[in-house]
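Architecture and fold: a report
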Amino acid sequence: MHPWVAILGLLLLPDGVTAYPQVTGVAGQNVTLPCYYNGEVTKMCWGRGACPWSHCGTNIIWTDGYRVTYQSDGRYQLNGNIPRRDVSLTINNAAVSDTGLYCCRIEMRRRINDIKTTLELRVNPGELVFLLL
Ligand SMILES: *[C@@H]1O[C@H](CO)[C@@H](O)[C@H](O)[C@H]1NC(C)=O
């Protein structure tokens, strides 16, 4: 691909689109950030912020591959089937302040690099706010 094609692609991106997959939620509702993996069942963590070089940044939740072993707040839940490698994060009663980047990190014992996925969550104000405007 010619460099100018890539530049044109960047110019055509709509506002607010970043390099990260986006998830949109509504304040007061539950919102789920999807994360799955393949292969051996293994430890994983969720953190706030883009995935750092190691670990999960500000820790939200840890699993040992089968169950949650650490949970920073009861609003954060893994409602998927953890041993079946569905480690999607549900945030109960989402708030506008939950907007930001989240890291899903799967620890890979037999690989040099862990599987890191950064997602961007945007929580929009609920309808009640619009009624009050
Ligand atoms: C959010 O999840 C909680 C617990 O799983 C549930 O009790 C509640 O009804 C859900 N809220 C909504 C708005 O779906």
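Described in the following lines is the structure provided in the data block. Here the structure is a predicted model, which means the values were calculated and not measured.

1. Topic: the pairing of strand β8 (residues 100-106)
Burial runs high along β8: six of the seven residues are buried. Judged from the five bridges that link them, strand β3 (residues 44-48) and β8 form a sheet pairing that is antiparallel. Each bridged residue has a counterpart across the sheet, and for Trp-46 the counterpart in β8 is Cys-104. Bridge count for β8 against strand β9 (residues 115-124) is seven bridges, and the pairing is antiparallel. Pairing of Leu-101 across the sheet is with Glu-120, part of β9.

2. Some points on the sheet that holds β3
Across the sheet, six strands lie side by side as β1-β9-β8-β3-β4-β5; this open sheet has mixed pairing. Where the open sheet ends on each side, the last strands, each with one partner, are β1 (22-26) and β5 (68-71). Averaged over neighbouring strand pairs, the angle between their axes works out to 25° when direction is ignored.

3. Describing the state of the cysteines
According to the stated counting rule, one finds three disulfides in the structure shown. There is a disulfide in this structure between Cys-35 and Cys-104, and the S-S distance comes to 1.9 Å. The chirality of the disulfide connecting Cys-35 with Cys-104 is left-handed, given an S-S dihedral of about -80°. Highlighted residues: Cys-35 in the loop between β2 (31-33) and β3 and Cys-104 in strand β8, separated in sequence by 69 residues. Each of the two residues, Cys-35 as well as Cys-104, counts as buried. Taken N- to C-terminal, the disulfide-bonded cysteines of the protein chain are connected 1-6, 2-4, 3-5.

What counts, and where the lines are drawn
Residues numbered from 1 in each chain as written. Predicted model: local features only at pLDDT ≥ 70, side-chain atom pairs only at ≥ 80, totals over all residues. Heavy atoms only, no water. Buried < 20%, exposed > 50% of the residue type's maximum accessible area, 1.4 Å probe, protein only. Helix = DSSP H or I, 4+ residues; strand = E, 2+ residues; numbered from the N terminus. Pairing = 2+ DSSP bridges. Axes fitted to C-alpha atoms, helices over the stretch in contact; angles between N-to-C directions. Disulfide = S-S within 2.5 Å.

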